[in-house]
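Here's the letter readout for the chains.
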Number of protein chains: 2
Amino acid sequence: MSSVTRTFVADLINRTGESVVLRGWVFRLRILAKTTFVVLKDCSGQAQCVSSTSALHDLKLKLDDALEVRGRVRADERAKTGIEVDIESATILNRAATLLPFNSSSDIEHVSAEIKTEYRPLALRNEAVAHVFRVQAAILKHFRDYLASQRFTEIVSSKIVGSGTEGGTNLFEIKYFDRVAYLAQSPQFYKEHGVAGLERVFETGHVYRAEPHATSRHLTEYYSLDLEMGFIDGPEDVIQLERQLLTYIFEKLNVQYVTALPSMLDVPMWTFEDCIERLKRSDLVDDLDPEAERELCRLAELEKGIPAVFVVGFPLSARPFYTHPRTETTAAGFDLLFRGLEITTGGQRLHRRADLERALTKRRISTEPFESHLKMFELGMPPHGGLAIGLERLTAQILGLQNVREATLYPRDRYRLIP
Amino acid sequence: MSSVTRTFVADLINRTGESVVLRGWVFRLRILAKTTFVVLKDCSGQAQCVSSTSALHDLKLKLDDALEVRGRVRADERAKTGIEVDIESATILNRAATLLPFNSSSDIEHVSAEIKTEYRPLALRNEAVAHVFRVQAAILKHFRDYLASQRFTEIVSSKIVGSGTEGGTNLFEIKYFDRVAYLAQSPQFYKEHGVAGLERVFETGHVYRAEPHATSRHLTEYYSLDLEMGFIDGPEDVIQLERQLLTYIFEKLNVQYVTALPSMLDVPMWTFEDCIERLKRSDLVDDLDPEAERELCRLAELEKGIPAVFVVGFPLSARPFYTHPRTETTAAGFDLLFRGLEITTGGQRLHRRADLERALTKRRISTEPFESHLKMFELGMPPHGGLAIGLERLTAQILGLQNVREATLYPRDRYRLIP
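Residues numbered from 1 in each chain as written. Chains lettered and ligands numbered in written order. Predicted model: local features only at pLDDT ≥ 70, side-chain atom pairs only at ≥ 80, totals over all residues.

1. Quick word on the overall build of chain A
Regarding its fold elements, chain A presents eleven helices and 16 strands. Residues counted as buried form 48% of the 419 residues belonging to chain A. Considering only contacts in chain A between residues 6 or more positions apart, those separated by 24 or more positions represent 60%. (Helix = DSSP H or I, 4+ residues; strand = E, 2+ residues; numbered from the N terminus. Buried ≥ 20, exposed ≤ 12 C-beta atoms within 10 Å, placed from the backbone. Contact = placed C-beta atoms within 7 Å.)

Pasting the structure below:
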């Protein structure tokens, strides 16, 4: 390899007439009798490199080889990027295998989700797949940036916990030296503790659910965008923040990735009772089902022009014990449905120790394992609420993907542990 | 509670003469015969609020109660913030307990680390403790921003893995349905896979080490700032990137948090052999110890004016199997020591499947469990390298904390699972 400074493809436009060293992958390759065209791809873009076919013959170049090219940059109006590179010499840095299930420049539509996951690096070299994960990275950035601008502080909480937040179901067990511990289902308690200290906190991190079902919308490990805020009047404050947060993220994505995402500022808020009536579904007792989520988004689009709706006031008994009541029997919790799928759960939480104890007792959950948590409610815990957005679901709904696995680099479910 | 819009304390300076609603905690309280002074603290700052003592008498206000104040903003040159608030009415939103081990305005130096962790929310309400975690959040932000500016893409990889990256030691076991899985010790493999797809990737996330020792520098769960980059010439490229990355982060912190962190651009690179000679320590065979780390930083400060040094060329046998050699017996890996502590491990990795197989075999590790990983080296994997910075260690060294636990909201070690 060379000790000469390597140039990124995207910077070539400023280097016309100069000699450069490029490094990247053989993305496209056209070998004619006299001339060979190599489209070299690196993290910054693609450039067409040209050579006599005879000069490259011994290299036995093929698609997806890692290549170094030394060449001279030439302005060329026919090229999309305005330049071509005349190859002076080329060195293979590492060869791709001869038989690959697909190439990075393949039409990825014809490659199964299974193979795309198994050969994730190669899939990521494909523009369509890379787009999904670049958009996902952008969502993360804009989520954090918006909240920081609203006085939220990022926190990092432990994922190894002594007990669950929901009372012990669907937890993965860890052998923790001579004890048993669990993988956190949610940073719920920690972000509430964060509110008692910093008033407004967010966290982006993994959460774990030992759920045996493997549907297109469930994973055992997913990435949760969590926030929690103090001194609220009710769940409407959290809902309003999410309207603004998503609108901010969507506006940024529309500019960067030419998506056509709607403003979320006018997303309506409907009660669960109201939803049941609109759906004319007497079978839905305490939660919506996938069909109901799709239909409600359709109705919201008809009525408000946005395929999204906040649903509040689910039956209290169907929500976690720490949920603040809205009426005697309904919860101050909400779900956000977007383009037919629930992407957020949130709400106002109980903030008084006595109320939490009563809620646990009513559900016949022993208060004792929660003592270290309950103690935090004696420190001047303000009225508060928050929400959690599933990153994979949000990515999938933004991009119109059919399965959250397509928005997960390394999905985990009942059957999948590798790669 | 009120439906009137609540004002943040920091915005009061623009509201002189107006009636406002404030919400926050009683941070300081001075009750004189006629007048009571309440310093109210929220996530944006502190404001002094004033009332006649008799008007507040029935509230029985005390430190750390969560409080709503309605009052009128008055310019007051004696106040640090330039304003005071004349209380018109006040409502307690939630009471703090009567007996707390400390208050948010206490001199936190006299509170033990143990109690600060146990009462984390109250400690976070203290400015000295909040400073640590605000700086930590800023490190995260600037780490991500700098790398994004250098064409790195953020990735999210799985923390539940089928086997370890180092061959199976110090792994936490998870009961994964009817199988055994493990908590990832590092995103090492996944970030290398990321390089084969996106060329430059980073990840911020938890890693796990089932290490039974509980020292001031070890945790069983810590937060790792990982990056990996393709098409490098050698470990020097990764070292140079870290010099620039840390200098960027430190410059930002110096402005935001008035720290006095050095430029890292001239941090020297010394070989392990050279270090042994400088230290005159014949007992160090394949790694440094804490005393050596401190002494090397002292020597670097004397020589270069910066208490930091990159150490390269450790004996190859002491580094992980995927380490690229620098010479026949030494590794193209490095550690960064900063202010007496190792805060980074990095290096160039092997990028050819055959080399990885040889390295595994040489260490008598079976290649079979690594098959799904090795396969990724047949996809045109470029020469590459990267590094991992321990967030808690970096935070501790920046702020001069004696124990990484002081830079961890919820530390996990052999003995600690709660809170």
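2. Here we look at the nonpolar core
Formed by 228 residues in total, the largest nonpolar core has its most connected members in Leu40, Val309 and Val311 of chain A together with Leu40, Val309 and Val311 of chain B. Residues contacting valine 309 of chain B, with those up to four places away along its chain left out, are Val267, Pro268, Trp270, Leu296, Cys297, Ala300 and Leu337 of chain B. (Core = buried A, V, L, I, M, F, W, Y, C linked by C-beta atoms within 7 Å.)

3. Topic: the interface of chain A and chain B
Between chain A and chain B, the contact holds 80 residues from the first and 79 residues from the second. Tallying contributions element by element places helix α4 (residues 127-149) of chain A first for the side of chain A that touches chain B, with seven residues. When strand β8 (residues 173-176) of chain A meets strand β8 (residues 173-176) of chain B, the two strands line up antiparallel, connected through three bridges. For glutamate 173 of chain A, the partnering residue across the bridge sits in β8 of chain B and is lysine 175 of chain B. (Pairing = 2+ DSSP bridges.)

4. Considerations on the domain arrangement of chain A
On domain assignment, one finds that chain A holds domain 1 (9-94) and domain 2 (124-407). Computed over C-alpha atoms only, the centres of domain 1 of chain A and domain 2 of chain A are separated by 47 Å. (Domains from an automatic or database assignment.)

5. What about the relation of the copies chain A and chain B?
In the superposition of chain A on chain B (RMSD 0.0 Å, axial shift 0.0 Å), the rotation amounts to 180°. Overall, the copies show the geometry of a two-fold rotation axis. The position closest to the rotation axis in chain A is occupied by the C-alpha of isoleucine 174 of chain A, lying 2.3 Å away. When the interface residues of chain A are mapped onto chain B, 99% of them again fall at the interface, so both copies present the same face. (Least-squares fit on C-alpha atoms with pLDDT ≥ 70 in both.)

6. Digging into unusual backbone geometry
Residues and elements named next belong to chain A. In this chain, isoleucine 418 is followed by proline 419 through a cis amide linkage whose omega measures -5°. You can see proline 419 is positioned in the segment after α11 (391-399). In the Ramachandran plot, phenylalanine 231 falls in the positive-phi region, its phi being about 60° despite a non-glycine side chain.

7. Observations regarding the sheet that holds strand β12 (residues 269-271) of chain A
All names here are of chain A. Taken in spatial order, the eight strands line up as β6-β10-β11-β16-β15-β14-β13-β12 in an open sheet, and their pairing is mixed. Across the chains shown, the open sheet's two edge strands, defined by having one partner strand only, are β6 (153-154) and β12. Here strand β13 (residues 308-312) runs beside strand β14 (residues 333-338); their pairing, made up of five bridges, is antiparallel. For valine 309, the partnering residue across the bridge sits in β14 and is leucine 337. Of the strands in this sheet, β6, β10 (200-208), β11 (221-230), β15 (341-349) and β16 (384-390) are in contact with helix α5 (residues 188-198), which crosses β11 at around 30°. (Axes fitted to C-alpha atoms, helices over the stretch in contact; angles between N-to-C directions.)

8. Focus on the environment of isoleucine 249 of chain B
Residues and elements named next belong to chain B. The residue isoleucine 249 is located in helix α6 (residues 235-257) in this model. With 161 residues separating them in the primary sequence, isoleucine 249 and glutamate 88 have C-alpha atoms 45 Å apart. With sequence-adjacent residues up to four places away left out, isoleucine 249 is seen in contact with Ile139, His142, Phe143 and Tyr146.

9. A word on the packing of helix α7 (residues 272-279) of chain B against helix α8 (residues 290-304) of chain B
All names here are of chain B. As a packed pair, α7 and α8 sit with axes 11 Å apart at the nearest point and diverge in direction by 85°. Overall, the two elements α7 and α8 adopt an arrangement that is roughly perpendicular. Contact residues: Cys275, Arg278 and Leu279 in α7; Ala292, Glu295, Leu296 and Leu299 in α8. Of the residues assigned to the contact of α7 with α8, the class counts are five nonpolar, no polar and two charged. (Parallel < 35°, antiparallel > 145°, perpendicular 65-115°, else oblique. Nonpolar A, V, L, I, M, F, W, Y, C, P; charged D, E, K, R; others polar.)

10. A few points about the environment of threonine 53 of chain B
All names here are of chain B. Residue placement: threonine 53 occurs in helix α1 (residues 53-56). Each C-alpha atom of the pair threonine 53 and threonine 36 lies 5.0 Å from the other, and the pair is 17 residues apart in sequence. Apart from the residues lying within four places of it in its own chain, the contact partners of threonine 53 are Ile31, Leu32, Ala33, Lys34, Thr35 and Thr36.

11. Things to note about helix α5 (residues 188-198) of chain B
All names here are of chain B. α5 sits mainly inside the fold: eleven of its eleven residues count as buried. The set of residues buried in α5 consists of Gln188, Phe189, Tyr190, Lys191, Glu192, His193, Gly194, Val195, Ala196, Gly197 and Leu198. One or two residues past the end of α5 sits glutamate 199, with phi positive at roughly 75°.

12. So, the sheet that holds strand β14 (residues 333-338) of chain B
Residue and element names in this part refer to chain B. In spatial order, the strands read β6-β10-β11-β16-β15-β14-β13-β12; together these eight strands make up an open sheet with mixed pairing. Strand pairing shows two members of the sheet lacking a second neighbour, β6 (153-154) and β12 (269-271), which therefore form its edges. Those strands touched by helix α4 (residues 127-149) are β6, β10 (200-208) and β11 (221-230), and its axis lies near 155° from that of β10. The strands that α6 touches are β11, β12, β13 (308-312), β14, β15 (341-349) and β16 (384-390); relative to β16, the one it contacts most, it runs at about 40°.

13. A short note on the pairing of β16 of chain A
Residue and element names in this part refer to chain A. Within β16, seven of the seven residues are buried, which leaves it mostly tucked inside the rest of the structure. Here β16 shows two buried faces, one formed by His384, Gly386, Ala388 and Gly390 and the other by Gly385, Leu387 and Ile389. By the bridge criterion, seven bridges tie β11 to β16 in an arrangement that is antiparallel. Along β16, the bridge assignment pairs leucine 225 with isoleucine 389. Summarising the sheet, β15 and β16 pair through six bridges and their orientation is antiparallel. Counted as the bridge partner of threonine 344 is isoleucine 389 from β16.

14. Concerning the confidence of the model for chain A
For chain A, the mean per-residue pLDDT works out to 96, and 98% of the residues sit at or above 70. Model confidence for the complex is summarised by a pTM of 0.97, with the ipTM given as 0.97. (pLDDT = per-residue confidence, 0-100.)

15. Considering the environment of phenylalanine 37 of chain B
All names here are of chain B. The residue phenylalanine 37 is located in strand β2 (residues 35-42) in this model. Residues phenylalanine 37 and aspartate 58 lie 21 residues apart in sequence; the distance between their C-alpha atoms is 15 Å. Aside from chain neighbours lying at most four places away, what touches phenylalanine 37 is Arg30, Gln48 and Val50.

16. Points about the packing of α4 of chain A against helix α6 (residues 235-257) of chain A
Residues and elements named next belong to chain A. Axis separation between α4 and α6 bottoms out at 9 Å; the angle between their running directions is 135°. Between α4 and α6, the crossing angle belongs to the class labelled oblique. Every pair of crossing elements has a handedness; the one defined by α4 and α6 is right-handed. Counted together, Val135, Ala138, Ile139, His142, Phe143 and Tyr146 of α4 and Leu245, Tyr248, Ile249, Lys252, Leu253, Gln256 and Tyr257 of α6 form the full contact between these two elements. Grouping the constituent residues of the contact of α4 with α6 by class yields ten nonpolar, two polar and one charged. (Left-handed = near helix turned anticlockwise from the far one by under 90°.)

17. Looking at the pairing of β2 of chain B
Residue and element names in this part refer to chain B. Sheet topology note: the strand β1 (residues 19-31)/β2 ladder contains six bridges and is antiparallel. The partner of leucine 29 across the bridge, within β2, is valine 38. As consecutive antiparallel partners, β1 and β2 are separated by three residues. With eight bridges connecting them, β2 and strand β3 (residues 45-52) associate as antiparallel partners.

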